[in-house]
Amino acid sequence: MSNSSSISHFLLLPFADMRQLQLLHFCLFLAALLANGLIISAGACGQHLHSPMFFFLLNLALTDLGSICTTVPKAMHNSIWGSRHISSTGCAAQVFLIVFFLGTEDFLLTLMCYDCYVSICKALHYGTLQGSRACAHMAAAAWASGFLTALLHTANTFSLPLCQDNALGQFFCEIPHILRLSCSDTYLREFGLLAFSTFPFLGCFVFMLLSYVQIFRAVLRIPSEQGRHKAFCTCLPHLAVVSLFISTGTFAHLKPPSISSPSLDVVVLVLHSVVPPALNPLIYSLRNQELKDALRKMMTLSFQKQ
């Protein structure tokens with residue numbers, strides 16, 4: 001019986017023969033890098049963009065950058081050089097970072113939902129509940145929770161003995177595909193851990209769902225049409241980002257077997273890995289005049305310096 005520690009490398013799923021998919025992958029990767037880089041630059045330099053919402057948006061952009069930089073460069077390298085190899089250490093690092101960034105993003109989206117809830121339903125107490133110190137503590141808790149979740153899953157996954165081949169049916173290292181290589185009497189331990197870890201994420205989803213019920217009830221009670229429009233503009237970008245995050249992830253991992261195929265799986269997972277990071281900054285900036293003004297000012301200053 002071989003153990004995962006004795007395997008020097010894994011074989012990733014190639015998609016070198018899908019040139020259109022490679023081009024789309026690369027373009028979306030560049031778009032995500034540029035968009036999230038602009039958000040981070042604007043949030044760091046804009047003096048008037050230090051509200052709790054922009055603070056959480058800055059953290060969200062960092063998780064998006066981290067997630068795409070974990071998977072895309074290695075996939076692009078393998079496609080260009082016609083390779084499929086990734087070292088065992090590199091695979092473990094990918095698993096850790098993917099779980100870390102995606103887990104942190106889920107917790108951050110929950111905090112951003114809470115921020116929307118407080119700004120609309122508890123507006124008189126917003127300054128007290130969403131002070132700079134409270135926001136920093138909540139963001140730190142989100143990053144720490146993501147780190148502990150990633151550490152737990154990575155350590156547990158790579159402690160399992162592997163009885164199958166070292167070929168992964170994915171273009172990056174992912175826990176479910178690694179578990180398929182493990183022995184039938186041991187992989188149930190990690191599946192149990194995965195099932196247990198869904199409770200915090202399910203709790204985040206339920207919290208967001210209940211929060212939006214309260215938000216919409218509060219918005220519909222606002223007497224003026226202008227007030228309702230402003231309140232909806234506050235929470236709709238977050239709702240769109242959450243819907244994109246959940247829908248792409250659900251379809252990528254829980255789609256019906258009847259429509260599943262190797263080529264479709266690759267396309268769906270490519271889109272799931274790069275589309276949300278590329279669209280999140282666009283969704284937030286489209287309906288936020290302050291953010292658009294900050295980005296425009298920053299780009300104008302950069303061109304003037306040249």
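Structure first, text after, so check above.
Summary of the structure given here. Small disclaimer: the values here were computed from a predicted structure and weren't measured.

### A short note on the overall build of the protein chain
For the protein chain, the helix and strand inventory stands at ten helices and four strands. The buried share among the 306 residues of the protein chain stands at 45%. If you take every contact in the protein chain between residues at least 6 apart in sequence, the share linking residues at least 24 apart comes to 78%. Summed over its atoms, the accessible surface of the protein chain is roughly 15,700 Å², and 68% of this surface lies on carbon and sulfur atoms.

### Concerning the environment of Ile98
Among the structural elements, Ile98 can be located in helix α3 (residues 88-121). With relative accessibility at 14%, the residue Ile98 sits in the buried group. Placed 77 residues apart in sequence, Ile98 and Ile175 show a C-alpha to C-alpha distance of 9.8 Å.

### Observations concerning the state of the cysteines
Enumeration over the complete set of coordinates arrives at one disulfide. Through a disulfide, Cys91 is tied to Cys173; the S-S separation comes to 2.1 Å. Residues Cys91 and Cys173 are joined through a disulfide that is left-handed, its torsion about the S-S bond being -125 degrees. Here Cys91 is found in helix α3, whereas its partner Cys173 is found in the loop between β4 (161-162) and α6 (175-179), with 82 residues between them in sequence. The same class applies to Cys91 and to Cys173, which are both buried.

### Quick word on a nonpolar patch on the surface
Taken together, the side chains of Phe199, Leu202, Phe205, Val206, Leu209 and Leu210 make up a nonpolar region of the molecular surface, amounting to roughly 590 Å² of accessible area. A relative accessible area of 54% places Leu210 in the exposed class.

### What to know about the packing of helix α2 (residues 52-81) against α3
When two helices pack together, their arrangement is given by the angle between the helix axes and the distance between those axes. Between α2 and α3, the shortest axis-to-axis distance is 9 Å and the interhelical angle comes to 160 degrees. Considering the angle they form, α2 stands roughly antiparallel to α3. Crossing geometry of α2 relative to α3 is assigned as left-handed. Here the residues of the contact of α2 with α3 are counted per class, giving 13 nonpolar, eight polar and four charged.

### Concerning the packing of α3 against helix α5 (residues 132-157)
Two numbers describe how α3 lies on α5: the axes approach to 8 Å, and their chain directions differ by 150 degrees. Between α3 and α5 the crossing geometry is right-handed. Facing Ala92, Val95, Phe96, Val99, Phe100, Phe101, Gly103, Thr104, Phe107, Leu108, Leu111 and Tyr114 of α3, the residues of α5 in contact are Met138, Ala139, Ala142, Trp143, Ser145, Gly146, Phe147, Thr149, Ala150, Leu151, His153 and Thr154. When the residues that make up the contact of α3 with α5 are grouped by side-chain class, the tally is 17 nonpolar, seven polar and no charged.

### Quick look at α3
With 34 residues, α3 should cover 50 Å at 1.5 Å per step; its first-to-last C-alpha distance of 49 Å lies within 8% of that length. In terms of burial, α3 is a largely internal element, 25 of the 34 residues being buried.

### Observations concerning α2
Across its 30 residues, α2 extends 44 Å between first and last C-alpha, which sits within 8% of the 44 Å expected from 1.5 Å per residue. Helix geometry: α2 is bent most strongly at Cys69, by close to 30 degrees, with proline Pro73 lying one to four residues after it. A positive phi of about 65 degrees marks Gly82, the residue just after α2.

### Digging into the packing of aromatic side chains
What the rule picks out here adds up to ten aromatic pairs. Between Phe171 and Phe172 the ring centres are 4.9 Å apart and the planes differ by 85 degrees, which places this aromatic pair in the edge-to-face class. Taken individually, Phe171 and Phe172 each receive the classification buried, so the pair is uniform in this respect. With a centroid separation of 5.8 Å and an interplanar angle of 35 degrees, the aromatic rings of Phe216 and Phe232 are classed as tilted. One end of the pair, Phe216, is in helix α7 (residues 187-220); the other, Phe232, is in helix α8 (residues 225-254), and 16 residues separate them in sequence. The structure contains a cluster of three or more aromatic residues connected by ring pairs, namely Phe96, Phe100, Phe101, Trp143 and Phe147.

Thresholds, definitions, all that
Residues numbered from 1 in each chain as written. Predicted model: local features only at pLDDT ≥ 70, side-chain atom pairs only at ≥ 80, totals over all residues. Heavy atoms only, no water. Helix = DSSP H or I, 4+ residues; strand = E, 2+ residues; numbered from the N terminus. Buried < 20%, exposed > 50% of the residue type's maximum accessible area, 1.4 Å probe, protein only. Contact = heavy atoms within 4.5 Å. Areas by Shrake-Rupley, 256 points an atom, 1.4 Å probe, with all protein chains shown as cover. Disulfide = S-S within 2.5 Å. Patch = residues over 30% accessible without salt bridge, like charges linked within 9 Å, V, L, I, M, F, W, Y side chains within 5 Å. Salt bridge = Lys/Arg side-chain N within 4 Å of Asp/Glu carboxyl O. Axes fitted to C-alpha atoms, helices over the stretch in contact; angles between N-to-C directions. Parallel < 35°, antiparallel > 145°, perpendicular 65-115°, else oblique. Left-handed = near helix turned anticlockwise from the far one by under 90°. Nonpolar A, V, L, I, M, F, W, Y, C, P; charged D, E, K, R; others polar. Expected span 1.5 Å × (residues − 1). Bend = angle between axes of the 7 residues up to and from the residue. Phe/Tyr/Trp six-rings, centres within 6.5 Å; stacked < 30°, edge-to-face > 60°.

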